[in-house]
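Residues per chain, in single letters:
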Amino acid sequence: MINNDPAPALNGEVLEDYCLSLQQLCHSATVEPEFILQLVEYEVLEPEGERTVNWRFKAEDLARLRRAERLMRDFELNLSGLALVMQLLDERVELRGPG
Amino acid sequence: MQYKDYYNTLGVERGASQDDIKKAYRRLARKYHPDVSKEADAEERFKEVGEAYEVLKDPEKRAAYDQLGNQWQTGEQFRPPPDWNTGYEYTGGFSGADAAAHSDFFESLFGVGGRARARGADTGFHAHGQDSHAKILIDLEDAYQGAARSLTLRHPQLDSTGHVAFHKRQLNVNIPKGVYAGQHIRLKGQGEAGAGSGQAGDLYLEIEFNPHSIYRVEGKDVYLELPVTPWEAALGEQVTVPTPEGRVNMKIPPGSTQGKQMRLKDKGIPAKVAGDFYVVLQIVVPPADTDKAREAYENLKQAADFNPRQHLEV
């Protein structure tokens, strides 16, 4: 009988509190560090840690960063506009639940 | 492929000014942008709107598109004329929009040539591949028992002619017992390929649960709403309750009230520190739809002498 099994299942490492550094975030989202610095300045992203080298971003910050990029590009926002939009979207999610 | 009437998509006339087109786009973007929209088909609509705007806002592309003429309707079978595109050069590349999201129609007219970034194999450039992130959807039962799950990843990749193709990759992943939403599984070497002889990056999969028909999951804790009758709540009762691990017998204590939570310790997700399983009582009022039922209610009314609105003083 021909074995049509797909590729064998991979085993990975389960990570409890997966954090990204500034560098990892830049790589994953293909953005310049300056952009992320600005987002942190405007509190659109709020990493743990005191200095940029120590910053720890949560995995959902990656999605948040991409959303920020899209909004800025598609609505021609400046940073303060973006920060306001992100805040209002956060509040809307809290009011009605996600999705 | 199918023709797309971009003017129609933006709701403007063929002779519309650039300003009209910009205004139409902005209005539709606010309505359909997936990050802000409340519409059901927002993502699809926004892609259409974005593509239409990309073509019509650029005078070069708009001229080329207009050259096709106005005799087609959206959806009609279409092929670009053979000498299409001679003499037009597209400068300025594309907007930040994801190049891989264009329709076949757009691709056939405008390709992606303006944006191809050469990644020659013989440049001697070696780099560690980037890490990728994706979500993997699993069922609650998978977290209790472990499972093998597959997911399909799509990477946009430039082929040799500079066109973007979707490279699909199917992966099978072992989901270990005890995982919960928000955790990540790191698969080494399954991220983006490296350049030259650089190593591939890692793939991080975020765990997310499919909504369950009867259970609700919060972190490692699992909740079940359990409908009970008024007499079961008032008098107490032994009941059988489903859990992801199988049926469990429980005692509802007498004098239970609506919303009472009963905890089955460590019966939540079997993580290193296991979560708990909570049964939440929902008292359901049986209808008074037979004479016997009505009589029973009347008797209870007399016997109970109970005013739940007392504190409202009405």
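This write-up is about the structure you can find in this document. Just so it is clear, the structure is predicted and the values come from calculations on it, not from any experiment.

In terms of helices and strands, chain B carries eight helices and eleven strands. Looking at chain B residue by residue over its 314 residues, the buried ones come to 37%. Long-range contacts, defined here as pairs at least 24 residues apart, represent 58% of the contacts in chain B between residues at least 6 apart. On chain B, roughly 18800 Å² of surface is accessible, and the fraction owed to carbon and sulfur atoms is 48%.

Residues and elements named next belong to chain A. Across the interface, helix 3 (residues 59–75) lies against helix 4 (residues 79–96) with an axial gap of 10 Å and an inter-helix angle of 125°. By the angle between their axes, helix 3 is oblique relative to helix 4. Between helix 3 and helix 4 the crossing geometry is right-handed. Here Arg 64, Arg 67, Ala 68, Leu 71 and Met 72 of helix 3 come into contact with helix 4, specifically with Leu 79, Leu 82, Val 85, Met 86, Leu 89 and Asp 90. Here the contact of helix 3 with helix 4 is built from residues that sort into eight nonpolar, no polar and three charged.

In this section: the environment of Arg 30 of chain B. Summarising the element assignment, Arg 30 of chain B is placed in helix 2 (residues 18–32). Sequence separation between Arg 30 of chain B and Phe 46 of chain B is 16 residues; the distance between their C-alpha atoms is 9.5 Å. Here Arg 30 of chain B is in contact with Phe 75 of chain A together with Val 36 of chain B, once residues within four sequence places are set aside.

Listed as interface residues are 30 residues of chain B and, on the opposing side, 29 residues of chain A. Of the roughly 2600 Å² buried between chain B and chain A, counting both surfaces, carbon and sulfur atoms make up 49%. Three residues, Asp 35, Asn 172 and His 184 of chain B, lead the burial of chain B against chain A; their summed loss comes to 24% of the area buried on that side. The interface formed by chain B and chain A contains four salt bridges. The partner of Asp 35 of chain B in a salt bridge is Arg 70 of chain A, and the shortest N-O contact between them spans 2.8 Å. Every element with two or more residues in the side of chain B that touches chain A is listed here: helix 2, strand 3 (164–175) and strand 4 (184–187) of chain B.

Turning to the sheet that holds strand 6 (residues 215–218) of chain B, a few remarks are in order. Hydrogen bonds between backbone atoms are what pair the strands of a sheet, whose relative direction is either parallel or antiparallel. Residues and elements named next belong to chain B. The four strands are arranged 6-7-11-10 in an open sheet whose pairing can be described as mixed. This sheet does not close on itself; its edge strands, each paired only once, are strand 6 and strand 10 (261–264). Direction aside, neighbouring strands of the sheet carry axes that sit 25° apart on average. Judged from the seven bridges that link them, strand 7 (residues 221–228) and strand 11 (residues 277–283) form a sheet pairing that is parallel. Its bridge partner lying in strand 11, Leu 224 is registered against Val 279.

Core analysis: the largest hydrophobic core is formed by 56 residues, its most contacted members being Ile 36, Leu 39 and Phe 57 of chain A together with Leu 10 and Tyr 65 of chain B. Sort the elements by how many residues they give to this core and helix 3 of chain A lands first, with seven residues. Apart from the residues within four sequence positions on either side, Phe 57 of chain A is in contact with Tyr 18, Cys 19, Leu 20, Ser 21, Leu 22, Leu 25, Ile 36, Val 40, Leu 45 and Pro 47 of chain A.

Definitions and cut-offs
- Residues numbered from 1 in each chain as written.
- Chains lettered and ligands numbered in written order.
- Predicted model: local features only at pLDDT ≥ 70, side-chain atom pairs only at ≥ 80, totals over all residues.
- Heavy atoms only, no water.
- Helix = DSSP H or I, 4+ residues; strand = E, 2+ residues; numbered from the N terminus.
- Buried < 20%, exposed > 50% of the residue type's maximum accessible area, 1.4 Å probe, protein only.
- Contact = heavy atoms within 4.5 Å.
- Areas by Shrake-Rupley, 256 points an atom, 1.4 Å probe, with all protein chains shown as cover.
- Axes fitted to C-alpha atoms, helices over the stretch in contact; angles between N-to-C directions.
- Parallel < 35°, antiparallel > 145°, perpendicular 65-115°, else oblique.
- Left-handed = near helix turned anticlockwise from the far one by under 90°.
- Nonpolar A, V, L, I, M, F, W, Y, C, P; charged D, E, K, R; others polar.
- Buried area = accessible area lost by both parts, 1.4 Å probe.
- Salt bridge = Lys/Arg side-chain N within 4 Å of Asp/Glu carboxyl O.
- Pairing = 2+ DSSP bridges.
- Core = buried A, V, L, I, M, F, W, Y, C linked by side-chain atoms within 4.5 Å.

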